[in-house]
Amino acid sequence: MPDLKTLLPAGVLLAAMLGACASPPARFYALSGSVAPLEEAAASRSGIAVAVGPVSLPALVDRPQIVVSTSANQVQFDEFNRWAAPLGEDIARVIAKNLAQALPAARVWPYAQGTRSTPDYQVRIDIQQFVSTLGDGVLIEALWSVRRVAGGAPENGRSLVREATAGKDVEALVAAHSRALAQVSRDIASALKSP
C-alpha cells in the first residue's frame, strides 16, 4: 500500500495543475443610454407613442460574445467578455431610453417589450456595421426608418458614427458603443420631432 507521505505531494501537485487550467470568470456587459432633450422637443410632437424595433444585426456580431476586430480581415470572439442580453434587444432598449430622454413628452418602449397601447410611430433599425477595436474605437452604421403606424411614407435615415475609446479595455469599448448609439438616437429623435 502506498505511503500517505508519498501521495500527499502528488495530490497537492494535481490540485495545483487543475487550478492553473481553470478559466477566468466571464464578464457581462450592457449598453447604457443618456441623451439630453432636443430643443423645442416638447412643442413639436407632444404625447406621441413610439415603439423601437425590431433591430437587425450582421450575423458576425449577433452572438453572446463581444466581437473584437484585430485587423482589417480578422476578428476575435471573446469567450470571457459577453453581452448580458441579446445585442439587438439591448440596442432597442438603449435607443428607446435615449428617445424618451430626447423627447420627454413622448411615450417610448422597445418593440419586443410590447404594450397594450398601439404606437403612433415605429422605428426600425438595421445595423449595417458594429465594429469594435480595442484601444482605438468603435464604428456603428445604422439604417433606420420612422414609420407612422396609421400609414404614410416612412422617413428613412442613415447614421454613421465613429467614437474613440477612453481606454484599452472592453468596458471602454462598450462605453464608446453607448456614446455612438446616443448619436444614432439623436438622429432618429430629430426625424420624430419634425412635423
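Residues numbered from 1 in each chain as written. Predicted model: local features only at pLDDT ≥ 70, side-chain atom pairs only at ≥ 80, totals over all residues. Heavy atoms only, no water.

1. Structural notes on the side chain of Glu-141
Alright, step 1. Assignment of secondary structure puts Glu-141 in strand E7 (residues 137-148).
Alright, step 2. At 2.7 Å, the side chain of Glu-141 and the side chain of Gln-129 are in polar contact.
Alright, step 3. Beyond its immediate stretch of four places on either side in the chain, Glu-141 contacts Asp-126, Ile-127, Gln-128, Gln-129, Arg-158, Ser-159 and Leu-160. (Helix = DSSP H or I, 4+ residues; strand = E, 2+ residues; numbered from the N terminus. Polar contact = N/O pair within 3.5 Å; in protein donor to acceptor, adjacent residues only side chain to side chain. Contact = heavy atoms within 4.5 Å.)

2. Observations concerning a nonpolar patch on the surface
Alright, step 1. A cluster of nonpolar side chains, namely Leu-60, Val-75 and Phe-77, defines an oily patch on the protein surface of about 230 Å² accessible area.
Alright, step 2. Mapped onto the elements of the fold, Val-75 is located in strand E4 (residues 74-83).
Alright, step 3. Residue classification places Val-75 among the partly exposed residues on the basis of a relative accessible area of 33%. (Patch = residues over 30% accessible without salt bridge, like charges linked within 9 Å, V, L, I, M, F, W, Y side chains within 5 Å. Areas by Shrake-Rupley, 256 points an atom, 1.4 Å probe, with all protein chains shown as cover. Salt bridge = Lys/Arg side-chain N within 4 Å of Asp/Glu carboxyl O. Buried < 20%, exposed > 50% of the residue type's maximum accessible area, 1.4 Å probe, protein only.)

3. Some thoughts on the environment of Ala-164
Alright, step 1. Within the element layout of this structure, Ala-164 appears in strand E8 (residues 155-164).
Alright, step 2. Along the backbone, Ala-164 and Val-138 are 26 residues apart, and their C-alpha atoms lie at a distance of 6.4 Å.
Alright, step 3. Discounting chain neighbours no more than four positions away, the residues touching Ala-164 are Asp-136, Gly-137, Ala-176 and Arg-179.

4. A short note on the nonpolar core
Alright, step 1. Within the largest apolar cluster, 48 residues are counted, with the highest numbers of intra-cluster contacts made by Val-52, Ile-91, Ile-95, Ile-125, Ile-127, Ile-188 and Leu-192.
Alright, step 2. Counting residues per element, the ones that place at least two in this core are strand E2 (49-56), strand E3 (65-71), helix H3 (87-102), strand E6 (121-133), E7 and helix H4 (170-193).
Alright, step 3. Take this core: its biggest share by element is twelve residues, from H4.
Alright, step 4. When near neighbours in sequence (up to four residues on either side) are disregarded, Ile-127 contacts Val-55, Ser-56, Leu-57, Pro-58, Ile-91, Ile-140, Glu-141 and Ala-142. (Core = buried A, V, L, I, M, F, W, Y, C linked by side-chain atoms within 4.5 Å.)

5. Observations regarding the pattern of salt bridges
Alright, step 1. All told, the structure shown has four salt bridges when counted by the stated rule.
Alright, step 2. One salt bridge connects Arg-82 with Glu-79, and the closest N-O pair in it is separated by 2.7 Å.
Alright, step 3. Owing to a relative accessible area of 39%, Glu-79 belongs among the partly exposed residues under this scheme.
Alright, step 4. Of the charged contacts, one joins Arg-158 and Glu-141 as a salt bridge, the two residues approaching to 3.0 Å between their closest N and O atoms. Note that Arg-158 is positioned in strand E8 and Glu-141 in strand E7, a separation of 17 residues in sequence.
Alright, step 5. What makes Glu-141 buried here is its relative accessible area of 14%.

6. Looking at the packing of aromatic side chains
The geometry of an aromatic ring pair comes down to the distance between the two centres and the angle between the two planes.
Alright, step 1. Inspection of every chain in the model, using the stated rule, returns one aromatic pair.
Alright, step 2. On the basis of an interplanar angle of 70° and a centroid distance of 6.2 Å, the ring pair of Trp-83 and Phe-130 is categorised as edge-to-face. Highlighted residues: Trp-83 in strand E4 and Phe-130 in strand E6, separated in sequence by 47 residues. With respect to burial, Trp-83 and Phe-130 carry one shared label: buried.
Alright, step 3. Above the plane of the ring of Phe-77 lies Arg-63, whose end atom (NZ or CZ) is 4.1 Å from the centre. (Phe/Tyr/Trp six-rings, centres within 6.5 Å; stacked < 30°, edge-to-face > 60°. Lys NZ or Arg CZ within 6 Å of the ring centre and 35° of its normal.)

7. Remarks on the packing of H3 against H4
Pairs of packed helices are described in terms of their axes, by the angle between the two and the distance that separates them.
Alright, step 1. At a minimum axis separation of 9 Å, H3 and H4 run at an interaxial angle of 55°. On the basis of the axis angle, H3 is oblique to H4. Note on packing geometry: the crossing formed by H3 with H4 is right-handed. When H3 is examined against H4, the residues Ile-91, Val-94, Ile-95, Asn-98, Leu-99 and Ala-102 are found in contact with a partner set consisting of Leu-181, Ala-182, Val-184, Ser-185, Ile-188, Ala-189 and Leu-192.
Alright, step 2. Class assignment for the residues of the contact of H3 with H4 results in eleven nonpolar, two polar and no charged. (Axes fitted to C-alpha atoms, helices over the stretch in contact; angles between N-to-C directions. Parallel < 35°, antiparallel > 145°, perpendicular 65-115°, else oblique. Left-handed = near helix turned anticlockwise from the far one by under 90°. Nonpolar A, V, L, I, M, F, W, Y, C, P; charged D, E, K, R; others polar.)

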